[in-house]
Amino acid sequence: MANLSSQSEHVSEADSALLDVELFLKYQAPERAIKRLRTALEGNPRSIPLRERMREICIGQKQPEDAARQCVALARLYIEREEFDSAYDRLLEAKQLDTRINIAGGLEAIRRARRPDLRPEANPVQKSAGTLVTLAGDLAAINIFDAIQVLENSKLTGTLLLTPDASSSAQPGTVYFNDGRIVDAESAGVTGEQGFRQVCEITTGSFEFQKSAEGFAPRIQALTNTNLILDTLRQLDEEKQ
């Protein structure tokens, strides 16, 4: 009974805060509306209505960084509810609002939720002999989306090589970058967006990035890396259903 009472109090507090916010906005006091929402979120941080309203107001008040943070928080909540379409939309919006924000954790959470059977264990990283490696790591410690974000932010040209564990059924994959933008991928004998879909299934093993002096012919024409990743994860979700 105590838990139900506590939950009821939180719901009432959230509803009350939303009513106050509408009143502040009516009288042209958006700063007070934001302050009221922040106070309410301290007591009820998992309230989707509160965070959605905060996101809307921050966008309206030209506060893109704060709005992006709300988008990331909302994506986590939607993932927990398995509302993946809403999570995709908020992650994409977060990146559009603030290109510097890291959404790799949200992308990986969606993939883990979609494939709960995958629980990778850390393995030693094997580097290619005689090859200059710019970035390398264990996919159990640094997921592919984190690696992609680093390469995008650094505007690097080259190939990201992914080698799955021997125990995995996944095939090795390669992602090609021009100035940080994904332009092609190859895995299991397929290229382009289909190849990238195969690459996104690699969750165990290691990766390494090798710089290239020359760019690659584009087979992938996505608007941004984030759009490509979210569209790919959405397609994989639809195939599973």
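Everything here concerns the structure above.
Residue numbers here run from 1 along each chain, matching the order of that chain's written sequence. Two thresholds apply to this predicted model, a pLDDT of at least 70 for residue-level local features and 80 or more for giving and counting side-chain atom pairs, whereas whole-chain, interface and lining totals are computed over all residues. Note that water and hydrogens are dropped before the side-chain values are worked out from all heavy atoms of the structure.

*Asks:* I'd like to hear about the overall build of the chain, residue by residue, with values.
*Replies:* Looking only at helices and strands, the chain features 9 helices and 6 strands. When accessible area is computed with a 1.4 Å probe and restricted to protein chains, residues below 20% of their type maximum are described as buried, those above 50% as exposed, and intermediate ones as partly exposed. Classification of the 241 residues of the chain by burial places 46% in the buried group. Nonlocal contacts in the chain, meaning residues at least 24 apart in sequence, comprise 63% of its contacts between residues at least 6 apart. As displayed, the chain offers around 12,900 Å² of accessible surface, 48% of which is attributable to carbon and sulfur atoms. Secondary structure follows DSSP: runs of H or I at least 4 residues long count as helices, runs of E at least 2 residues long count as strands, and numbering of each begins at the N terminus. In this description, contact between two residues means that some pair of their heavy atoms is separated by no more than 4.5 Å. Per-residue accessibility takes into account occlusion by the displayed protein chains alone, with areas from the Shrake-Rupley method and a 1.4 Å probe.

*Asks:* Outline the pattern of salt bridges, supporting the account with residue identities and numerical values.
*Replies:* When a carboxyl oxygen of Asp or Glu lies within 4 Å of a side-chain nitrogen of Lys or Arg, that pair is called a salt bridge. The final tally for this structure, using the stated rule, is 16 salt bridges. A salt bridge links R53 to E22; the shortest N-O distance between them is 2.7 Å. One end of the pair, R53, is in helix α3 (residues 48–60); the other, E22, is in helix α1 (residues 2–26), and 31 residues separate them in sequence. A salt bridge links E93 to R90, with the nearest nitrogen and oxygen atoms 3.0 Å apart. Of the two residues, E93 and R90 both sit in helix α5 (residues 84–97), 3 residues apart, roughly one turn of that helix. Looking at E93, the relative accessible area reads 15%, which means it is buried. The exposure class of R90 is buried, given its relative accessible area of 17%.

*Asks:* Give a detailed account of the pairing of strand β6 (residues 206–211), specifying residues and quantitative values.
*Replies:* Counting buried positions along β6 yields 5 of 6 residues, so the element is predominantly enclosed. Note: two strands are recorded as paired if DSSP finds a minimum of 2 bridges between them. Relative to β6, strand β1 (residues 135–138) runs antiparallel, the two being bridged by 4 bridges. The partner of L135 across the bridge, within β6, is F209.

*Asks:* Can you lay out helix α4 (residues 64–80) for me, pointing to particular residues and giving the numbers?
*Replies:* The periodicity of an α-helix, 3.6 residues per turn, causes residues three or four positions apart to be oriented the same way. If you check α4, its first and last C-alpha atoms are 25 Å apart, about what 17 residues at 1.5 Å a residue would give, namely 24 Å. Here α4 lies mainly inside the structure; 12 of its 17 residues are buried. If you check which residues of α4 are buried, you get D66, A67, A68, Q70, C71, V72, A73, L74, A75, L77, Y78 and I79. One or two residues past the end of α4 sits E82, with phi positive at roughly 60 degrees. Multiply 1.5 Å by the residue count of a helix minus one, and that product is the helix's expected span.

*Asks:* Which residues make up the nonpolar core, and what values go with them?
*Replies:* Residues L160, L162 and F196 are the most contacted members of the largest nonpolar core, which totals 45 residues. Tallying contributions element by element places α4 first for this core, with 8 residues. Excluding residues that lie within four positions of it along the chain, F196 makes contacts with I148, V175, I182, A185, I220, L228, I229 and T232. V21, F24, A33 and M54 belong to the second-largest nonpolar core, a separate cluster that totals 16 residues. To form a nonpolar core, buried Ala, Val, Leu, Ile, Met, Phe, Trp, Tyr and Cys residues must be joined to one another through side-chain atoms within 4.5 Å.

*Asks:* Can you break down the sheet that holds strand β5 (residues 190–191) residue by residue, with the values?
*Replies:* The sheet built from 6 strands is open, its strands ordered β1-β6-β2-β3-β4-β5 with antiparallel pairing. Each of the sheet's edge strands pairs with one partner strand only, and the pair in question is β1 and β5. Sheet analysis places strand β2 (residues 158–163) next to strand β3 (residues 173–178), joined by 5 bridges and oriented antiparallel. Bridge pairing in β3 places T159 opposite Y176. All axes are obtained by fitting lines to C-alpha atoms, using only the stretch in contact for helices, and the reported angles, taken between N-to-C directions, cover 0 to 180 degrees. Each of β1, β2, β3, β4 (181–187) and β6 touches helix α7 (residues 144–154); the most contacted strand, β2, lies at about 170 degrees to it. Where helix α8 (residues 192–199) meets the sheet, its contacts fall on β2, β3, β4 and β5, and the angle it forms with β4 comes to roughly 75 degrees.

*Asks:* Let's hear about the packing of α3 against α4: which residues, and what values?
*Replies:* At a minimum axis separation of 8 Å, α3 and α4 run at an interaxial angle of 155 degrees. Taken together, α3 and α4 sit at an angle that is classed as roughly antiparallel. The hand of the α3/α4 crossing is left-handed. In this structure, α3 uses I48, R51, E52, M54, R55, C58 and I59 to contact α4, whose residues at the interface are D66, A67, Q70, C71, A73, L74, L77 and Y78. Side-chain classes follow a simple rule in which Ala, Val, Leu, Ile, Met, Phe, Trp, Tyr, Cys and Pro form the nonpolar group, Asp, Glu, Lys and Arg form the charged group, and the remainder, Gly included, forms the polar group. Its residues assigned to classes, the contact of α3 with α4 shows 10 nonpolar, 1 polar and 4 charged. When describing relative orientation, an angle under 35 degrees is termed roughly parallel and one over 145 degrees roughly antiparallel, while 65 to 115 degrees is termed roughly perpendicular and anything else oblique. Note on convention: the crossing is left-handed when the near helix lies turned anticlockwise from the far helix by less than a right angle, right-handed when the turn is clockwise.

*Asks:* How would you sum up the pairing of β2? Please name residues and give values.
*Replies:* The pairing of β2 with β6 spans 6 bridges and is classified as antiparallel. Bridge assignment links L162 to a residue of β6, and that residue is F207.

By themselves these figures say nothing about function.
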